[in-house]
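Analysis of the macromolecular model
Here are the chains, one letter per residue:
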Amino acid sequence: MSAQTFALLDVFVAAVETGSFAAAARRLHRTRSAVGKGIARLEDQLGVRLFVRDTRHSTLTEPGRLFYDHALRASAELLSAVAALERTRDEPRGRVRITMPVAVGRRCVAPLLTAMARAHPALELDLSFTDRVVDVVHEGVDLALRVGPLRDSADLVARPVGEHRMVVCASPRYLRAAGTPGGPTDLPGHRCLVYARNGRLKHWEFVDAPGRTTGVAVATRWRFDDLEAIRDATVAGDGLARLPTWLIAHEVRRGTLRVVFDEPHPLTYGMHAVWPRMAALPLKTRVVVDTLVAQLPPLLAPVLAPPARRAGRAARAPA
């Protein structure tokens, strides 16, 4: 394989995995024309047609599928060689593509990583904020942050970077009007603000004294797919919310929100850094992971004021 052919492997692999030259161009930060010309040069050098093209999609030919299998192995070997070389350097360099959930990414992760990157001038960050579960391998992502249980995958490696502790909170205004619930069993009579994605609602989960996880169905008229919007509506007195402590710490310190009741076993969701499995993790990615492991946990679990005292019986909020 000539040096020119080898240099075009990343263009070919990106075109296969994304399904179109336009999507490959977005992944590689190039123009669609540059990707198309790169594929045409590769086909000329190999003497075969790799793709059948139409206006929207590119489909592999039989020789293209055969070449793709070998190209993947060659790319993996190249990545391993680059990672081995980077381990001999003291300074991380290059671009790291990282995807993360929107709210925690903006509030906790991005400030941490940008501060870290200031100390490494050769390190580039490409941060993407989305609550969608990104396909790390096929979308060319170096690192993803995910909250909650992980699916088993032979293609990915995961490392824990902290835990989200969930609490029920409300504004003093709401509690004065509706009363303070003493525990999960009082929640069905209250107005609750609920997170929902794609129209799917989840019960609020709690861990009881024996350690069993149970779900509580809560009444809600307002549903959101954004945690910060829920927090803002809760501050305004519109209902109770089940939110992570990192999102409401500032409001609790100011007194605009209160933790409503204590829980014998706080409900927590683990947060993991996830990356494609490879022989060796590049230094540029490893320095990001090490920073998250060392510095993110206390940001996700700030110390809050004790729960609000229950004033009399738990009142039921109007429907």
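This text follows the structure it describes.
Residues numbered from 1 in each chain as written. Predicted model: local features only at pLDDT ≥ 70, side-chain atom pairs only at ≥ 80, totals over all residues. Heavy atoms only, no water.

**Re the overall build of the protein chain**
Of regular secondary structure, the protein chain possesses 10 helices and 14 strands. Taking all 319 residues of the protein chain together, 44% fall into the buried category. Counted over contacts in the protein chain with a minimum sequence separation of 6, partners at least 24 positions apart contribute 77%. For the protein chain, the exposed area adds up to about 17000 Å²; of that, 52% sits on carbon and sulfur atoms. (Helix = DSSP H or I, 4+ residues; strand = E, 2+ residues; numbered from the N terminus. Buried < 20%, exposed > 50% of the residue type's maximum accessible area, 1.4 Å probe, protein only. Contact = heavy atoms within 4.5 Å. Areas by Shrake-Rupley, 256 points an atom, 1.4 Å probe, with all protein chains shown as cover.)

**Notes on the packing of helix α2 (residues 9-18) against helix α4 (residues 32-46)**
Two elements in contact, α2 and α4, have axes separated by 9 Å at closest approach and are oriented at 110°. Between α2 and α4, the interaxial angle falls into the category roughly perpendicular. The interaxial crossing formed by α2 with α4 has left-handed handedness. Residues V11, F12 and A15 of α2 lie in contact with α4, whose contacting residues are V35, I39 and L42. Of the residues contributing to the contact of α2 with α4, the split by class is six nonpolar, no polar and no charged. (Axes fitted to C-alpha atoms, helices over the stretch in contact; angles between N-to-C directions. Parallel < 35°, antiparallel > 145°, perpendicular 65-115°, else oblique. Left-handed = near helix turned anticlockwise from the far one by under 90°. Nonpolar A, V, L, I, M, F, W, Y, C, P; charged D, E, K, R; others polar.)

**Concerning the pattern of salt bridges**
Counted under the stated rule, the structure contains 11 salt bridges. In this structure, E62 and R65 form a salt bridge, with 2.6 Å as the shortest nitrogen-oxygen distance. Linking E62 with R65, this pair stays in helix α5 (residues 62-86), spanning three residues, or about one helical turn. Assessed through its relative accessible area of 55%, E62 is described here as exposed. Among the ionic pairs, R212 bridges to D208, the shortest N-O distance being 3.0 Å. Note on R212: relative accessible area 53%, which makes it exposed. (Salt bridge = Lys/Arg side-chain N within 4 Å of Asp/Glu carboxyl O.)

**So, the pairing of strand β6 (residues 156-170)**
As paired elements, β6 and strand β14 (residues 267-276) share 10 bridges and run antiparallel to each other. Along β14, the bridge assignment pairs V157 with W275. Bridge count for β6 against strand β12 (residues 240-244) is four bridges, and the pairing is antiparallel. Note that in β12 the partner of V167 across the bridge is L243. Judged from the two bridges that link them, β6 and strand β13 (residues 258-259) form a sheet pairing that is antiparallel. Pairing of C169 across the sheet is with V259, part of β13. (Pairing = 2+ DSSP bridges.)

**As for α4**
Taking 1.5 Å of rise per residue, 15 residues should cover 21 Å, and α4 covers 21 Å from first to last C-alpha, within 8% of that figure. Within α4 the residues assigned to the buried category are V35, G36, G38, I39, L42 and E43. In a view along the axis of α4, the buried residues occupy a sector of 160°, so they form one face of it. Those residues of α4 that are exposed and aimed more than 90 degrees away from the buried face are K37 and D44. The positive-phi residue at the C-terminal boundary of α4 is G47, with phi of around 75°. (Expected span 1.5 Å × (residues − 1). Arc of directions from axis to C-beta.)

**Observations regarding the packing of aromatic side chains**
All chains considered together, the criterion is met by five aromatic pairs. With 5.6 Å between their ring centres and 90° between their planes, F21 and F51 make a pair best called edge-to-face. Within this pair, whereas F21 is found in helix α3 (residues 21-28), its partner F51 is found in strand β1 (residues 51-53), the two being separated by 30 residues in sequence. Judged by its relative accessible area of 4%, F21 falls in the buried class. An aromatic cluster is built from F12, F21, F51, F67 and Y68, whose rings are joined through pairwise contacts. (Phe/Tyr/Trp six-rings, centres within 6.5 Å; stacked < 30°, edge-to-face > 60°.)

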